[in-house]
Amino acid sequence: MTTPTPAARASALDAADPLARFHDEFVQADDVVAYLDGNSLGRPTRAAAERLARFTSEEWGARLIRGWDESWYELPLTLGDRIGATVLGAAAGQTFVGESTTVVMYKLIRAALDLPAIAGRDEIVVDSGNFPTDRYLLEGIAAERGKTLVWIHPSVEGGVEPGDVAGAVSERTALVLLSHVAYRSGFVTDAAEVTRLVHDAGALVLWDLCHSAGALDVRLDEWGADLAAGCTYKYLNGGPGSPAFGYVRRELVDVLAQPVQGWMGADRPFDMGPAYAPHAGVRRFLSGTPTIVSMLAMQSMLDLVAEAGIGAVRAKSVALTEFAVELVDELLVPRGVRLTSPRDADRRGSHVTIDHPAFERAIPLLWERGVVPDFRRPEGIRLGLSPLSTSFAEVALGVGAVRDALVELTADRGGTPTERAAAV
Ligand SMILES: *Cc1c(COP(=O)(O)O)cnc(C)c1O
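Here's a quick rundown of the structure. (Residues numbered from 1 in each chain as written. Predicted model: local features only at pLDDT ≥ 70, side-chain atom pairs only at ≥ 80, totals over all residues. Heavy atoms only, no water.)

Here we look at the pairing of strand 4 (residues 148–152)
Alright, step 1. Strand direction decides the pairing type here: strand 3 (residues 123–127) and strand 4, joined by 5 bridges, are parallel. Note on strand 4: the bridge partner recorded for Asp127 is Ile152.
Alright, step 2. In terms of handedness, the path from strand 3 via helix 6 (residues 132–145) over to strand 4 forms a crossover that is right-handed. (Pairing = 2+ DSSP bridges. Helix = DSSP H or I, 4+ residues; strand = E, 2+ residues; numbered from the N terminus. Right-handed = clockwise from strand over helix to strand, strands pointing away.)

Some thoughts on the sheet that holds strand 13 (residues 380–384)
Alright, step 1. An order of 9-10-13-12 is seen for the 4 strands of this open sheet, with the pairing classed as antiparallel. Two strands lie at the open edges of the sheet, namely strand 9 (338–339) and strand 12 (374–376), each paired on one side alone.
Alright, step 2. Two elements, strand 12 and strand 13, share 3 bridges in a ladder whose sense is antiparallel. Note that in strand 13 the partner of Asp374 across the bridge is Arg382.

A closer look at the packing of aromatic side chains
Alright, step 1. Following the criterion strictly, the structure yields 8 aromatic pairs and no others.
Alright, step 2. Between the aromatic rings of Phe55 and Trp72, the centroid separation amounts to 5.6 Å while the plane-to-plane angle is 45 degrees, which identifies the pairing as tilted. Here Phe55 is found in helix 2 (residues 46–63), whereas its partner Trp72 is found in helix 3 (residues 66–72), with 17 residues between them in sequence.
Alright, step 3. Residue classification places Trp72 among the buried positions, given a relative accessible area of 8%.
Alright, step 4. Here the aromatic rings of Trp68 and Trp72 are separated by 5.5 Å at their centres, their planes lie at 85 degrees, and the arrangement is edge-to-face. With a gap of 4 residues between them, Trp68 and Trp72 both fall in helix 3, about one helical turn apart.
Alright, step 5. Pairwise contacts between aromatic rings join Phe55, Trp68 and Trp72 into one cluster.
Alright, step 6. Geometry around Phe131 places Lys234 over its ring, the cationic atom sitting 5.3 Å from the centre.
Alright, step 7. Its guanidinium or amino end placed over the ring of Tyr73, Arg283 lies 3.8 Å from that ring's centre, counting from NZ or CZ. (Phe/Tyr/Trp six-rings, centres within 6.5 Å; stacked < 30°, edge-to-face > 60°. Buried < 20%, exposed > 50% of the residue type's maximum accessible area, 1.4 Å probe, protein only. Lys NZ or Arg CZ within 6 Å of the ring centre and 35° of its normal.)

Here's the deal with the site of the ligand
Alright, step 1. Around the ligand sit 13 residues in total, of which Thr102, Asp208, His211, Tyr233 and Lys234 are the nearest.
Alright, step 2. Here an oxygen atom of the ligand sits 3.3 Å away from a polar atom, N or O, in the main chain of Thr101.
Alright, step 3. A distance of 2.8 Å is found between a nitrogen atom of the ligand and a side-chain nitrogen or oxygen belonging to Asp208.
Alright, step 4. Relative to its unbound accessible surface of 390 Å², the ligand loses 87% to contact with the protein.
Alright, step 5. Mapped onto the shell around the ligand, the elements with two or more residues apiece are helix 5 (101–113) and helix 6.
Alright, step 6. Among the residues making up the shell around the ligand, the classes are represented as 4 nonpolar, 6 polar and 3 charged. (Near = heavy atom within 4 Å. Polar contact = N/O pair within 3.5 Å; in protein donor to acceptor, adjacent residues only side chain to side chain. Areas by Shrake-Rupley, 256 points an atom, 1.4 Å probe, with all protein chains shown as cover. Nonpolar A, V, L, I, M, F, W, Y, C, P; charged D, E, K, R; others polar.)

Some points on unusual backbone geometry
Alright, step 1. Cis rather than trans, the peptide bond between Arg377 and Pro378 has omega equal to 5 degrees.
Alright, step 2. By the secondary structure assignment, Pro378 is in the loop between strand 12 and strand 13.
Alright, step 3. You will see that Leu64, though not glycine, has its phi angle at about 50 degrees, which is positive.
Alright, step 4. Inspection of the secondary structure assignment puts Leu64 in the loop between helix 2 and helix 3.

Describing the packing of helix 5 against helix 6
Alright, step 1. Interhelical geometry of helix 5 versus helix 6 gives an angle of 35 degrees and a closest axis separation of 10 Å. For the pair helix 5 and helix 6, the crossing hand works out as right-handed. Residues Thr102, Met105, Tyr106, Ile109, Arg110 and Leu113 of helix 5 pack against Thr133, Asp134, Leu137, Leu138, Ile141, Glu144 and Arg145 of helix 6.
Alright, step 2. Looking at the contact of helix 5 with helix 6 residue by residue, the classes come out as 7 nonpolar, 2 polar and 4 charged. (Axes fitted to C-alpha atoms, helices over the stretch in contact; angles between N-to-C directions. Left-handed = near helix turned anticlockwise from the far one by under 90°. Contact = heavy atoms within 4.5 Å.)

The analysis is restricted to geometry; functional conclusions fall outside its scope.
So this is what it looks like as structure tokens:
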């Protein structure tokens, strides 16, 4: 018996997929046959396109300034609660929608370091594989507040293990900042165990959930997490630049003071009083006027995720990455490609990373053919698989196109000597 082709296996998987019907809920681009970058920018939902048009005419256009009283003023908190309930495992009153992930994290980090119980501690733990903005923020804040950074150095294929954290924390640790899913390898850190270890050392933990929210079954309350923040334009399909959410554990909400003291987070903002006092509850983490228009599209995606259920979304994510790994082994590893994501699905987020020296030159060929993955210098392609919008057929087309591009680039006189050596 011969093995069915990747395309035939993909169509069997799509036919058996209980979430396949969601694929049609997304706007499709005519010139794209395989969109494999939903981990950087999710596709728009069809419902979002309608919601945006309706907002202009019916809400902004018809309600005008009255819209603030009617719903916009509360939206950062009502939407925060909705994100918390749908994808974060967070009860109400702990999640808000703020500015970019970078700015929300800045506010949470500063607030954490100023907590009296923590303020005497002088170290912040972070890993060298973390996303640049996380590392840059901490460099700046450490200089600002006289703290020292303690670095964990994970492997390229892996990420931060509980043992790394146990070895890095002490009575000097104020805060640990980690990504739940490593942006490069897709490695999933055991957040419950790491949170426990950080608490044993008397420190606080901030989870960056950019590559988790909307794709993994996150359980912030269950983990006992202190703080979290994450993007909404990746797996929550909020559109370019849609604002991040922040989470603050209930017991910390009213004791933390954030540094960007704006009127929208103040007690009784419309009194226009002489001095700042923080609002009670999670509203105190807001600063200026919320970006209402940028909060529209994600609401339509949350509708879909709620309908599917985050458990089913994660199951589909696992099935997609398992299929991608299977095809990488079959079609790309024989051509010198290296899988730099974990092989164990439990330890892997929703993207699969592969490395090859010719990938930088493969990207233009792939784009020309309507295959859009993500490229990370120096030689990594990330196949980002967004559970509700990516089909198994797209995975097969995408991996097949990478193989074809490699064949072309490394044939005969093509390619550098290293590339030719790497290709079989
Ligand atoms: C995408 C991403 C960010 C982006 O932060 P912005 O402020 O939205 O630009 C931060 N952290 C991680 C881990 C990311 O993957």
